Protein chains: 2
Amino acid sequence: MNHVKCGRCVRCGREYPAVPNLTNCECGGILDIIYDYDRIRTVLTRETLKNRTERSMWRYRELLPVEPETPAPPLRVGWSPLYEADRLAKELGIAKLWVKDDGQNPTASLKDRASAMAVAKAQEAGAHVIACSSTGNAASSLAGNAAAAGLQTFIFVPSRAPKGKVAQLMTFGATVISVQGSYEDTFELSKQAIDRWGWYNRNAAINPYLSEGKKTVAYEIAEQLDWQMPDFIAISVGDGCTIAGLWKGLKDLHAVGLIDRLPRLISAQAEGCCPINRAIAENRPWEPMEENTLADSIAVGVPRNADKALMAIRESNGLVVNVSDAEIMAAQKLLGRTCGVFGEPAGVTGTAGVKKLCEQGVLPKDATVVSVVTGNGLKDVANAIKACGEPISIPSDMDLLLRAFDEHGINADVK
Amino acid sequence: MNHVKCGRCVRCGREYPAVPNLTNCECGGILDIIYDYDRIRTVLTRETLKNRTERSMWRYRELLPVEPETPAPPLRVGWSPLYEADRLAKELGIAKLWVKDDGQNPTASLKDRASAMAVAKAQEAGAHVIACSSTGNAASSLAGNAAAAGLQTFIFVPSRAPKGKVAQLMTFGATVISVQGSYEDTFELSKQAIDRWGWYNRNAAINPYLSEGKKTVAYEIAEQLDWQMPDFIAISVGDGCTIAGLWKGLKDLHAVGLIDRLPRLISAQAEGCCPINRAIAENRPWEPMEENTLADSIAVGVPRNADKALMAIRESNGLVVNVSDAEIMAAQKLLGRTCGVFGEPAGVTGTAGVKKLCEQGVLPKDATVVSVVTGNGLKDVANAIKACGEPISIPSDMDLLLRAFDEHGINADVK
């Protein structure tokens, strides 16, 4: 990889050759992949991109840590739609809002970007098996992307994992090990197994290549906006890998001259679980928190990538905002009603944060904002059922329909 | 619409001007939209398409029944991925198989193509409200696509409709009327309400424009295969609108000279509900059937578009195949394991049909086949749970893991 210099520890600065199975630094710090931007800027321009037909995350190969001959994994990951949300912007009272719907990915979440990268790197490493421990989107995206590439997966889930998610994994042919115990117990057994059998490791806070997959969401936003960056990009934050990837992507673009200003990040967490935002707000090291939120994909009390996330928010002069579960579910309906986008609770937390910052007067009225929806609402229909209320229920009778519309204040005679 | 001649009844041949709110013929027959192919072939060529950047169903505007100035509705519908399924082809023993994953649409089914068309035509008609009666993908796709365009929806569902589906509709801001009674009762009340308030009607067997949206799946398959058509295209069949739309699209392409041969259709239905296939197999008019299948999206005992579906299958010299629920669920796992594609039961019925025709020796070994997956498995996780079995369940202990792998015959030491 001529365009990649090394992996560099974000804590101690130690550098490692960028081999495919890179993991954490000896000091325990996570690595960052370092590129040769001077070389890349000579080959990757707005013009070269304009003429490219590839519509997936692999459109940006010059900025991805893979060998030129490594095949793109089969599933079509990335190039999710960016919607102009004019009606929603108006309701919120800001100048311009776009919604990046990353629930439109093969397994319905942004995590597909990381898992596709894991598959590519596993193939470079000559591995035939990839493993991870997770109950959520990381697991399903790994299982799906690996299956499409003909790789086996071993996935460790805590026994509390929802049956629907386990079923999805098993449909993709994953070997699923349900561990009777906590998430920590699950992680520990997966670690031992990975060490023993030498499986390729897909854990976002250990494998530094994964956020290099996630960063492609930033490239797409920039190109879809014709390189005119918004003032802010809002995203939900759990273990920190996604916001770190988003920031890495933005910095890449700036370094190679594709954009000329960097947006500020908005880090949205759940009130019931916001260790990263608390660290920023109180300007002190992060500390573990309870995991009290229904937004399961960001219910991470011990964020595994806090280092990179905190750096990203600080470097971007970012904002932090915590939202209640009620505000999250209200944002789900707001996005559905105004944009036709159905996001999972964690997926819409960024939008809930934007709404709150508007209400608090923190975001100026002339602000331009992109809100990233990180996962599809079909992943968690149970919470949508709780939030949406009851439909009108009547027998098949026009008089009863008229009366029901009247009682509910519904105007059927819209012209 | 200079490129559209009229709507013509498929039963009696009577012609109607192509106004936006066209419904059935006076004789009760459904209309077909008739194009001026001579005009279209002068403007739509392989070359013009090659230079087009639009990646959605609106890429093919010259063949769509909309005015030039009608805006494309906001959600990105269509241009779903077509995957080369080499491993699956090998398992089935045929030369070549591609999987068209139409679960990768905004509301996760092929129905988005019809609903986007409904939104475009409703806007041409100056309507602000669209209505339909449905429990399934038609309803959710209408609610989502209309919400994105700022149109209101009134959706009538029978009271047996699953809560998850109702929740999705309500998240999109639809006014949902749950009718205490059968589907017929529901349809009847919706019809009265539509007549009374003049809402735009999104019912695929009444509104002839909807299958004109669905036909875009054929255009994409052809272009994604660089206009080299396969021997067969397999798809699941419920009320008949989708296979009719697929065939219309293929005939369009042939008529304007974009393809030079027509594939044969494979109509796949559930054994427990196969009125269309039975009519073909026994060469007699269709008759109603019970609705005994877990593939709810194609559990249609009284198909509302049998006329067009039967014509499509016969004209294409098509094959019919009925599969059991067990075969459907096996196909779901097969697609997941070999392709990383998670389809709902009705979505994978076409693939189940291909598998059965291979096993029966009906499909020749040198056959090339496209199988359309019409909806995402996340729409119906309950059935996947039933089908997938149980994961390995153990405490966090390496010795127990070794024993479990041994008992299950799992080789963890894959090189």
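Residues numbered from 1 in each chain as written. Chains lettered and ligands numbered in written order. Predicted model: local features only at pLDDT ≥ 70, side-chain atom pairs only at ≥ 80, totals over all residues. Heavy atoms only, no water.

**Q** Teacher, can you tell me more about the interface of chain B and chain A here?
**A** One frequently used descriptor of interface size is the decrease in accessible area upon assembly of the parts. Of the residues lining the interface, 80 residues belong to chain B; the matching set on chain A comes to 80 residues. Summed over both sides, the interface of chain B with chain A buries roughly 6800 Å², with 63% coming from carbon and sulfur. The tally of links between chain B and chain A comes to 0 salt bridges. Viewed at the interface, chain A and chain B are joined by 28 residue pairs in polar contact (both at pLDDT 80 or more). If you tally residues by element for the side of chain B that touches chain A, the top one is helix α6 (residues 163-171) of chain B, at 7 residues. (Contact = heavy atoms within 4.5 Å. Buried area = accessible area lost by both parts, 1.4 Å probe. Salt bridge = Lys/Arg side-chain N within 4 Å of Asp/Glu carboxyl O. Polar contact = N/O pair within 3.5 Å; in protein donor to acceptor, adjacent residues only side chain to side chain. Helix = DSSP H or I, 4+ residues; strand = E, 2+ residues; numbered from the N terminus.)

**Q** Explanation requested: the pattern of salt bridges in the structure shown.
**A** Close approach of charged atoms allows side chains with opposite charge to pair. In the structure shown here, the tally under the stated rule is 54 salt bridges over all chains. In this structure, the salt-bridge partner of R337(A) is E91(A), at a minimum N-O distance of 3.0 Å. Of the two residues, R337(A) sits in helix α13 (residues 325-339) while E91(A) sits in helix α3 (residues 86-92), which places them 246 residues apart along the sequence. Among the residues examined, E91(A) registers a relative accessible area of 45% and is labelled partly exposed. Between E223(B) and R59(B) there is a salt bridge, and its shortest N-O distance comes to 2.6 Å. One end of the pair, E223(B), is in helix α9 (residues 216-224); the other, R59(B), is in the loop between α2 (46-50) and β4 (82-84), with 164 residues separating them in the sequence. With relative accessibility at 13%, the residue E223(B) sits in the buried group. Among the residues examined, R59(B) registers a relative accessible area of 3% and is labelled buried. (Buried < 20%, exposed > 50% of the residue type's maximum accessible area, 1.4 Å probe, protein only.)

**Q** What is the right way to look at the state of the cysteines in this model?
**A** Every disulfide links exactly two cysteines, by a covalent bond between their sulfur atoms. Residues and elements named next belong to chain A. Evaluated as defined, the whole model comprises 0 disulfides over all chains. With no disulfide of its own, C273 lies 7.2 Å from the sulfur of C274, the closest cysteine sulfur. Residue C273 is classed as buried on the basis of its relative accessible area of 0%. (Disulfide = S-S within 2.5 Å.)

**Q** Even after reading the chapter, I still don't get the packing of aromatic side chains, so can you show me in this structure?
**A** Both the distance between ring centres and the angle between the ring planes are used here to describe each pair of aromatic rings. Under the counting rule described, the total for this entry stands at 16 aromatic pairs over all chains. Where F154(A) meets W199(A), the ring centres are 4.3 Å apart and the plane angle is 10°; that geometry is what we call stacked. One end of the pair, F154(A), is in strand β7 (residues 152-158); the other, W199(A), is in the loop between α7 (183-197) and β9 (200-201), and 45 residues separate them in sequence. Take F154(A) and W199(A): they sit in the same class, and that class is buried. Ring geometry for F156(B) against W199(B): centres 6.4 Å apart, planes inclined by 35°, an arrangement best described as tilted. Residue F156(B) is located in strand β7 (residues 152-158), and its partner W199(B) is located in the loop between α7 (183-197) and β9 (200-201); the two are separated by 43 residues in the primary sequence. For the pair F156(B) and W199(B), one class covers both residues: buried. Joined through ring pairs, the aromatic side chains of F154(A), F156(A), W197(A), W199(A) and F405(B) make up one cluster. Here the basic side chain of R196(A) rests over the ring of W197(A), its NZ or CZ set 5.5 Å away from the ring centre. (Phe/Tyr/Trp six-rings, centres within 6.5 Å; stacked < 30°, edge-to-face > 60°. Lys NZ or Arg CZ within 6 Å of the ring centre and 35° of its normal.)

**Q** Sorry, what's going on with the sheet that holds strand β1 (residues 4-9) of chain A here?
**A** Pairing between sheet strands relies on hydrogen bonds along the backbone, with the strands arranged either parallel or antiparallel. Here we have 3 strands laid out as an open sheet, ordered β2-β1-β3 (chain A), and antiparallel in their pairing. Across the chains shown, the open sheet's two edge strands, defined by having one partner strand only, are β2 (15-16) and β3 (31-35) of chain A. (Pairing = 2+ DSSP bridges.)

**Q** Explanation requested: the layout of surface pockets in the structure shown.
**A** Think of a ball as big as a water molecule: rolled over the atoms, this probe shows where empty space is left. Roughly 1200 Å³ of volume is contained in the second largest pocket. Lining the second largest pocket we find 46 residues, and of these W79(A), Q224(A), T53(B), E54(B) and R55(B) sit closest to its centre. For the lining of the second largest pocket, the secondary-structure elements that each account for two or more residues are α2 (46-50), β4 (82-84), α3, α9 (216-224) and α13 of chain A. Among the residues making up the lining of the second largest pocket, the classes are represented as 18 nonpolar, 11 polar and 17 charged. (1 Å grid on protein atoms, 1.4 Å probe; cavity = no way out; pocket = protein on both sides within 12 Å on 5 of 7 lines; lining within 4 Å. Points joined across faces, edges and corners; volume = space filled by probe spheres on them. Nonpolar A, V, L, I, M, F, W, Y, C, P; charged D, E, K, R; others polar.)

**Q** What exactly am I supposed to notice about the domain arrangement of chain A here?
**A** Residues and elements named next belong to chain A. Along its sequence, chain A is organised into domain 1 (82-107 + 210-388) and domain 2 (128-198). Of note, the centres of domain 1 and domain 2, computed from C-alpha atoms alone, are 26 Å apart. Counting residues at the interface gives 6 residues for domain 1, matched by 10 residues for domain 2. When the two sides are added together, the surface that domain 1 and domain 2 hide from each other amounts to roughly 630 Å², 33% of it contributed by carbon and sulfur. Taken as a group, T107, R304 and K379 account for 74% of the area that domain 1 buries against domain 2, more than any other trio of residues on that side. The tally of links between domain 1 and domain 2 comes to 2 salt bridges. Note that K165 is salt-bridged to D296, the shortest N-O span being 3.0 Å. Taken together, the residues of the side of domain 1 that touches domain 2 break down into no nonpolar, 2 polar and 4 charged. (Domains from an automatic or database assignment.)

**Q** What should I look at first to understand the environment of C27(B) in this one?
**A** Residues and elements named next belong to chain B. With respect to the helices, strands and loops of the structure, C27 is situated in the loop between β2 (15-16) and β3 (31-35). Along the primary structure C27 and D252 are separated by 225 residues, whereas in three dimensions their C-alpha atoms are 26 Å apart. Ignoring any residue separated from it by four or fewer positions in sequence, one finds C27 in contact with C9, R11 and C12.

**Q** Explanation requested: the side chain of S267(B) in the structure shown.
**A** With respect to the element layout, S267(B) can be found in strand β11 (residues 264-270). Given a relative accessible area of 0%, S267(B) falls into the buried group.

**Q** Got a minute to help me understand the packing of helix α6 (residues 163-171) of chain A against helix α15 (residues 381-388) of chain B in this structure?
**A** The axes of two packed helices give the description: the angle between them and the distance between them. For the pair α6(A) and α15(B), interaxial distance at closest approach is 8 Å and the crossing angle is 60°. As α6(A) runs across α15(B), the sense of the crossing is left-handed. Seen from α6(A), the contacting residues are K163(A), G164(A), A167(A), M170(A) and T171(A); seen from α15(B), they are V381(B), A384(B), I385(B) and C388(B). For the contact of α6(A) with α15(B), the class distribution of residues is 6 nonpolar, 2 polar and 1 charged. (Axes fitted to C-alpha atoms, helices over the stretch in contact; angles between N-to-C directions. Left-handed = near helix turned anticlockwise from the far one by under 90°.)

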